[in-house]
Amino acid sequence: RGHSLVIEDGHTIILGWSPQIFYIIAELVTANQGKKHACISILAEKDKVEMEDEIRMKLGETGSIKIVCRRGNPIDLTDLEIINPHTAKSIIILPPETDDSDSQMIKMILAITNNPQRRQERYHIVAAIRDPKNLEVAHLVGKNEVSIILVEDVISKIIAQTCRQPGLSVVFNELLDFKRNKLYFHEENSLVGKPFSKALFAYQQATPIGIRYADGRSQLNPPLE
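Residues numbered from 1 in each chain as written. Predicted model: local features only at pLDDT ≥ 70, side-chain atom pairs only at ≥ 80, totals over all residues. Heavy atoms only, no water.

Attention shifts here to the environment of L5. Tracing the backbone through its elements, the reader meets L5 in the segment before β1 (12-15). Once residues within four sequence positions are removed from consideration, L5 is found in contact with R70, E81 and I82. (Helix = DSSP H or I, 4+ residues; strand = E, 2+ residues; numbered from the N terminus. Contact = heavy atoms within 4.5 Å.)

Moving on to the pattern of salt bridges. A side chain with one charge can pair with a side chain of the opposite charge if their charged atoms come near. All chains considered together, the criterion is met by 10 salt bridges. Linking D53 and R56 is a salt bridge whose minimum nitrogen-to-oxygen distance equals 3.0 Å. Taken together, the residues span about one helical turn, with D53 and R56 both in helix α2 (residues 48-59) at a distance of three residues. Owing to a relative accessible area of 46%, R56 belongs among the partly exposed residues under this scheme. (Salt bridge = Lys/Arg side-chain N within 4 Å of Asp/Glu carboxyl O. Buried < 20%, exposed > 50% of the residue type's maximum accessible area, 1.4 Å probe, protein only.)

Further remarks concern the sheet that holds strand β6 (residues 146-150). Taken in spatial order, the six strands make up an open sheet running β3-β2-β1-β4-β5-β6, and their pairing is parallel. Either end of the sheet is taken by a strand with one partner, and the two such strands are β3 (66-71) and β6. When strand polarity is set aside, the average angle formed by the axes of neighbouring strands in this sheet is 20°. In the sheet, β1 pairs with strand β4 (residues 90-93) via four bridges, with the strands oriented parallel. For L15, the partnering residue across the bridge sits in β4 and is I93. Packing of α2 onto the sheet brings it into contact with β2 (39-44) and β3, and relative to β3 it is tilted by some 145°. Docked against the sheet, helix α4 (residues 101-113) engages β1, β4, β5 (125-129) and β6, running at close to 165° with respect to β5. (Pairing = 2+ DSSP bridges. Axes fitted to C-alpha atoms, helices over the stretch in contact; angles between N-to-C directions.)

We now examine the side chain of S90. Looking at the element boundaries, S90 is found in strand β4. Among the polar contacts made by the side chain of S90, one reaches the side chain of T12 at a distance of 3.5 Å. Sequence-distant contacts of S90, defined by excluding residues within four places in its chain, comprise H11, T12, I13 and H124. (Polar contact = N/O pair within 3.5 Å; in protein donor to acceptor, adjacent residues only side chain to side chain.)

Looking now at the nonpolar core. Counting residues in hydrophobic clusters, the biggest one holds 26 residues, and the most contacted among them are L15, I91, I93, M105, I109 and I112. Within the residue set of this core, elements represented by two or more residues are β1, β2, β4, α4, β5, α5 (135-142) and β6. Looking at this core, the element that brings in the most residues is α4, giving six residues. In this structure I91 touches I13, L15, P85, I112, Y123, H124, I125 and V126, once residues within four positions along its chain are discounted. (Core = buried A, V, L, I, M, F, W, Y, C linked by side-chain atoms within 4.5 Å.)

The next subject is the packing of aromatic side chains. On inspection of all chains with the given rule, the structure shows one aromatic pair. Summarising the aromatic geometry, the rings of W17 and F22 are spaced 5.6 Å apart at their centres and angled 90° between planes, so their arrangement reads as edge-to-face. Just as W17 is buried, F22 falls in that class too. Above the plane of the ring of F22 lies K58, whose end atom (NZ or CZ) is 5.5 Å from the centre. Its end group placed over the ring of F185, R212 keeps NZ or CZ at 4.0 Å from the ring centre. (Phe/Tyr/Trp six-rings, centres within 6.5 Å; stacked < 30°, edge-to-face > 60°. Lys NZ or Arg CZ within 6 Å of the ring centre and 35° of its normal.)

Once that is clear, we can look at the pairing of β1. Judged by which residues are buried, β1 turns out to be covered on both faces: T12 and I14 on one side and I13 and L15 on the other are all buried. Relative to β2, β1 runs parallel, the two sharing four bridges. Bridged to T12 within β2 is I40.

On to the pairing of β2. Burial analysis of β2 places six of its six residues in the buried class, which makes it a mostly covered element. Side chains C39, S41 and L43 project from β2 onto one buried face, and the interleaved I40, I42 and A44 project onto a second face that is buried too. For the crossover from β1 across helix α1 (residues 21-31) to β2, the handedness is right-handed. Once the chain exits β2 it traverses α2 before rejoining the sheet at β3, and the crossover so formed is right-handed. (Right-handed = clockwise from strand over helix to strand, strands pointing away.)

This part is about the packing of α4 against α5. For the pair α4 and α5, the least separation of the axes is 9 Å and the interaxial angle reads 10°. If you check the angle between α4 and α5, you find them roughly parallel. Taking contact as the criterion, the partners of M105, I106, I109, L110 and T113 in α4 are, on α5, V137, A138, V141 and G142. Residues of the contact of α4 with α5, tallied by class, amount to seven nonpolar, two polar and no charged. (Parallel < 35°, antiparallel > 145°, perpendicular 65-115°, else oblique. Nonpolar A, V, L, I, M, F, W, Y, C, P; charged D, E, K, R; others polar.)

Put into structure tokens, the structure is as follows:
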């Protein structure tokens, strides 16, 4: 019935249900192809069988990627324990299709980060928010454990840039689609102390495009020196 405990480690969790979920699952399936024991766990206030049927109808077979659906309220601490968030690699929070979606999303973040059973190390949470007015509150609640994506703002900027520059949509697809080139953050100890110009030729099948500093800042196309 979708109430049994998920016994997984290093899995990806999706909280909530919306039409976006099928695109997210498809990308995660592509990203995890070839990996053993990859799992995507979904918790939503929807019947377990209905969720499984819709995913199967939209996406077909997912290969070796296990998709586990559980029914429950992502804000309820008891229901949240079902999907075992304390061992998850990452958590995605989908905004519900309601007028108060942002407040529901913030409550989900609080349910994870303020959980008495929470783990000691930081969570990796990605949450979508709709109203810019709620951005400051979301950052205050999530602190350094949540990456907030302002959905309407990001989409509007992409549309405007693509409109001004024909062909830019191909570039976005190339960078953001797991079926093509992928973006990774990789710690490379062998390049410590060397200029970025040396890093450009350090790989045979990859291209360095920037640097992430110890304080979390990222810089694309930094000076070669």
